[in-house]
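Coordinate analysis (summary)
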Amino acid sequence: MKFEDLLLEIGGFGRFQILILFILCLPRINLPMHFLLHNFLAATPSHHCAIPHQQAFVNLTTEEVLLISIPREPDGTFSSCEMFSQPQFHLLLNSSLQPENNSIIQHCQHGWVYDHSQFTSTISTEWDLVCEQRGLNQATATFFFIGVTMGAVVFGYLSDRFGRKAMLLVSLVCSVVFGMLSAASVSYSMLAITRTLTGVALSGVSLIVLPLGMEWVDIQHRTFSGILTSIFWSIGNMLLAMVAYLVREWHWLLVAVTGPCLLSTVCLWWVPESARWLIAKGKVKQAHRHLLRCARMNGRKDFAVSPEPFPSFRLSQALRRMATDKRPGESYSYISLFRTPVLRKISVCSGAVWFGVAFSYYGMSMNLTGFGLNMYISQFVFGIIEIPAKMIIYVLVNRVGRRQSQAWTLILTGLCIGANVIIPKPFTSLRSVVAIMGKGFSEAAFTTIFLYTSELYPTVLRQNGMGYTSFVARLGGALAPLVFLLDEVWRSLPEVTYCGVAVCCGSVAFLLPETLNVRLPEGIEDIE
């Protein structure tokens, strides 16, 4: 007897599963509020060099003081990173006469003055992460995703060894601790370290929530549960826009997005350990107890009464046979993902697809000001467009299949990014529409890959597989913000890079096996 058959007998999708999915959706809301926080935490408002002895120019307006002190860019705006070594009073007579002698232009010597109309403070204004220090500002997101990358390896292994629920609890508690420490940072170094550790902790939440929910759901409702969990990511996206709009000071913004992890930690009390994992580890009594609870909540009274009647005895016997078949003494590691030929092909190809999905998704998500919309509106619209994208992908993965859906959503993401390279900047409405379409395709690709990957790997290696693919994805996420620095080489090079990677990695998805209406594999032999 397979676990899927057992699950159908006790209720594959009833009140028990709905409760679990609802509770697991709470930490899912919190994830994008941290993963995309960089857009607001490290936002750089308009700025210019601080002008020394500005009080000496009492007879001049602010505009005139800037005119004689700050050189202009080719587009007519004042430079953000340069100033005149001496006031150029002759510009008051003719402001169009910009100095031809570059020797009188120097980098900012006395710090910067920031426009605080949109942000009270960000880490850019706190530690002057602008101009020559701009790379450190972008690196803040990279440090976070490096942490997520490390966490994927750690929690992928530990959750297969010590259980899904235990590691999810550890992850949530650590997220609260390091999130609050980030908010209390008194230096850039402290912020970089605590954000990295927050990334490590949140990686466990990202990695465990979906598989833990899906391991309790039958085949028919597997896609639905995956899409439902994913929709709460989009809700978190929209909530981030609203929270960031209301909280403009970076310390309190970090507190606001970390606090909900406490609620998730408390609610986790009602979530049971994965029965599949317990059986795979030979812990039959615990699995039996959780399955009886499932039967009781789902109204299957034949299994819920005590002491054990025949149906419950049959359940216990079936569990013992499954546990014997799993050979719990056998240990697995990340190396097991590459030992056998089919698993090796799945691991290489899924890793490439995950990299492309994350690289293009975060490339678009962290460029809120590049499409002609207000950044708060962009964040909210990017979140809301994901919901219809998920609804459409729910139909597609069940009709067209996982493989085709995965490949084409990622390829179309790349094509939308590439289209905005060609569309002229003045066509802001068209650029915004194409960007929103691309964001929809990107989210559809992300939704599919989470569902698809959890179906590709067997139970004994599922968290290792999710850990490995999440590791590769977070490498993509870590590199995505740094690619923006390539605009100094060629203004469109970041978009061309995102486009090329998305199209190439989307094509690799055609090499993966289809999993539509296929039982979740339990052991490596089921894959091979």
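Rules behind the numbers
Residues numbered from 1 in each chain as written. Predicted model: local features only at pLDDT ≥ 70, side-chain atom pairs only at ≥ 80, totals over all residues. Heavy atoms only, no water. Helix = DSSP H or I, 4+ residues; strand = E, 2+ residues; numbered from the N terminus. Rg over C-alpha atoms; globule rule 2.2 N^0.38 Å. Contact = heavy atoms within 4.5 Å. Areas by Shrake-Rupley, 256 points an atom, 1.4 Å probe, with all protein chains shown as cover. Lys, Arg positive; Asp, Glu negative; His and termini not counted. Charge placed at Lys NZ, Arg CZ, Asp CG, Glu CD. Phe/Tyr/Trp six-rings, centres within 6.5 Å; stacked < 30°, edge-to-face > 60°. Buried < 20%, exposed > 50% of the residue type's maximum accessible area, 1.4 Å probe, protein only. Lys NZ or Arg CZ within 6 Å of the ring centre and 35° of its normal. Polar contact = N/O pair within 3.5 Å; in protein donor to acceptor, adjacent residues only side chain to side chain. Salt bridge = Lys/Arg side-chain N within 4 Å of Asp/Glu carboxyl O. Axes fitted to C-alpha atoms, helices over the stretch in contact; angles between N-to-C directions. Parallel < 35°, antiparallel > 145°, perpendicular 65-115°, else oblique. Left-handed = near helix turned anticlockwise from the far one by under 90°. UniProt positions renumbered as here; feature names shortened; annotations may be inferred. Core = buried A, V, L, I, M, F, W, Y, C linked by side-chain atoms within 4.5 Å. Domains from an automatic or database assignment. Patch = residues over 30% accessible without salt bridge, like charges linked within 9 Å, V, L, I, M, F, W, Y side chains within 5 Å. Disulfide = S-S within 2.5 Å. pLDDT = per-residue confidence, 0-100.

To continue, consider the overall build of the chain. Broken down by element type, the chain carries 23 helices and 4 strands. Over its C-alpha atoms the chain spans a radius of gyration of 26 Å, differing by no more than 12% from the 24 Å that the globule rule assigns to 528 residues. Taking the intrachain contacts of the chain between residues at least 6 apart in sequence as the baseline, contacts between residues at least 24 apart amount to 80%. Total accessible area computed for the chain in this model is approximately 21700 Å², and 65% of it derives from carbon and sulfur atoms. Taking the average place of the 39 positive charges on the side chains of the chain and the average place of its 33 negative ones, the gap between the two points comes to 14 Å.

Under the criterion given, the structure shown has 25 aromatic pairs. Consider the rings of Trp-127 and Tyr-188, whose centres lie 6.3 Å apart with planes at 75 degrees: the pair is edge-to-face. Here Trp-127, found in helix α5 (residues 123-127), pairs with Tyr-188, found in helix α8 (residues 188-214); they are 61 residues apart in sequence, far enough to count as distant. The exposure class of Tyr-188 is buried, given its relative accessible area of 14%. A connected cluster of aromatic rings, assembled from ring pairs, spans Phe-35, Phe-144, Phe-145, Trp-233, Trp-354, Tyr-361, Tyr-362, Phe-446 and Phe-450. Above the ring of Phe-450, the side-chain terminus of Arg-28 is found at 4.9 Å from the ring centroid. Arg-248 extends its terminal NZ or CZ atom over the ring of Tyr-245, reaching a point 4.7 Å from the ring centre.

Turning our attention to helix α11 (residues 260-267). Looking only at α11, the buried set comprises Cys-261, Ser-264, Thr-265 and Cys-267. Next to the buried residues of α11 lie α2 (15-35), α7 (164-183) and α10 (250-258).

We now examine the side chain of Ser-79. Relative to the helices and strands, Ser-79 resides in the loop between α4 (62-69) and β2 (82-84). Owing to a relative accessible area of 2%, Ser-79 belongs among the buried residues under this scheme. A polar contact is formed between the side chain of Ser-79 and the side chain of Glu-73, at a distance of 3.5 Å. From its side chain, Ser-79 meets the backbone nitrogen of Glu-82 in a polar contact 3.1 Å long.

With that out of the way, let us pick up the pattern of salt bridges. Applying the stated criterion to the full structure yields 4 salt bridges. Residue Lys-390 is joined to Glu-443 by a salt bridge in which the shortest nitrogen-to-oxygen separation is 2.2 Å. Of this pair, Lys-390 sits in helix α18 (residues 386-399) while Glu-443 sits in helix α20 (residues 428-456); the two residues are 53 residues apart in sequence, bridging distant segments of the chain. In this structure, Arg-402 engages Glu-455 in a salt bridge whose closest nitrogen and oxygen atoms are separated by 2.8 Å. Taken together, the positions of Arg-402 in helix α19 (residues 402-422) and Glu-455 in helix α20 put the pair 53 residues apart, joining distant regions of the chain. Glu-455 carries the same exposure label as Arg-402, and that label is buried.

Glancing now at the packing of helix α9 (residues 222-246) against helix α17 (residues 375-384). In helix packing, the relevant descriptors are the interaxial angle and the interaxial distance, both defined with respect to the helix axes. Taken N-terminus to C-terminus, the directions of α9 and α17 make an angle of 165 degrees; their axes are 7 Å apart at the nearest point. Judged on the interaxial angle alone, α17 and α9 are roughly antiparallel. The way α9 lies across α17 gives a crossing that is left-handed. Facing Ser-234, Asn-237, Met-238, Leu-240, Ala-241, Ala-244 and Tyr-245 of α9, the residues of α17 in contact are Tyr-376, Gln-379, Phe-380, Gly-383 and Ile-384.

Take the UniProt feature "transmembrane region" (unreviewed entry) in the chain next. Here, UniProt's "transmembrane region" (unreviewed entry) annotation points to residues 139-159, 166-186, 192-212, 224-246, 252-271, 346-364 and 376-397. As annotated, residues 166-186 has a helix share of 86% and a strand share of 0%, and its two end C-alpha atoms lie 32 Å apart. As annotated, residues 376-397 has a helix share of 95% and a strand share of 0%, and its two end C-alpha atoms lie 31 Å apart.

Below, the discussion takes up the nonpolar core. By size, the foremost hydrophobic cluster in this structure holds 115 residues, and its most contacted members are Leu-24, Phe-35, Phe-145, Leu-168, Trp-216, Tyr-362 and Phe-446. Tallying contributions element by element places α8 first for this core, with 12 residues. Three or more residues apiece are contributed to this core by two domains, here domain 2 (276-325) and domain 3 (334-527). Those residues in contact with Phe-446 that sit more than four places away from it in its chain are Trp-354, Val-357, Ala-358, Tyr-361, Tyr-362 and Arg-474.

On to the environment of Leu-210, then. Along the polypeptide, Leu-210 turns up in helix α8. When its relative accessible area of 6% is taken as the criterion, Leu-210 is described as buried. Each C-alpha atom, one on Leu-210 and one on Tyr-188, is 34 Å from the other, the two residues being 22 residues apart in sequence.

Moving on to a nonpolar patch on the surface. A surface patch of nonpolar side chains, about 300 Å² in accessible area, is lined by Leu-169, Val-173, Val-177 and Leu-181. Along the polypeptide, Leu-181 turns up in helix α7.

Throughout the structure, instances matching the rule amount to 2 disulfides. Linked covalently through their sulfurs, Cys-49 and Cys-108 form a disulfide whose S-S length is 1.8 Å. One quick way to see it: the torsion about the S-S bond of Cys-49 and Cys-108 is about -65 degrees, and its sign makes the bridge left-handed. Taken together, the positions of Cys-49 in strand β1 (residues 47-49) and Cys-108 in the loop between β3 (105-107) and β4 (112-114) put the pair 59 residues apart, joining distant regions of the chain. Given the relative accessible area of 15%, Cys-108 is considered buried. A sulfur-sulfur separation of 2.0 Å characterises the disulfide bridge that pairs Cys-81 with Cys-131. The sign of the -95 degrees torsion about the S-S bond sets the Cys-81-Cys-131 disulfide as left-handed. Pair noted here: Cys-81 is in the loop between α4 and β2 and Cys-131 is in the loop between α5 and α6 (134-162), with a separation of 50 residues, a long-range link. Listing the disulfide partners of the chain by sequence rank of the bonded cysteines yields 1-3, 2-4. Counting only cysteine sulfurs, Cys-505 is the nearest neighbor of Cys-349, a cysteine outside any disulfide, at a range of 11 Å.

The next subject is the confidence of the model for the chain. Looking at the chain as a whole, the pLDDT averages 85, with 91% of positions reaching at least 70. Predicted confidence is poor over residues 305-310, with pLDDT under 50, and the contacts of this stretch with residues over four places away or in other chains come to 3 contacts.

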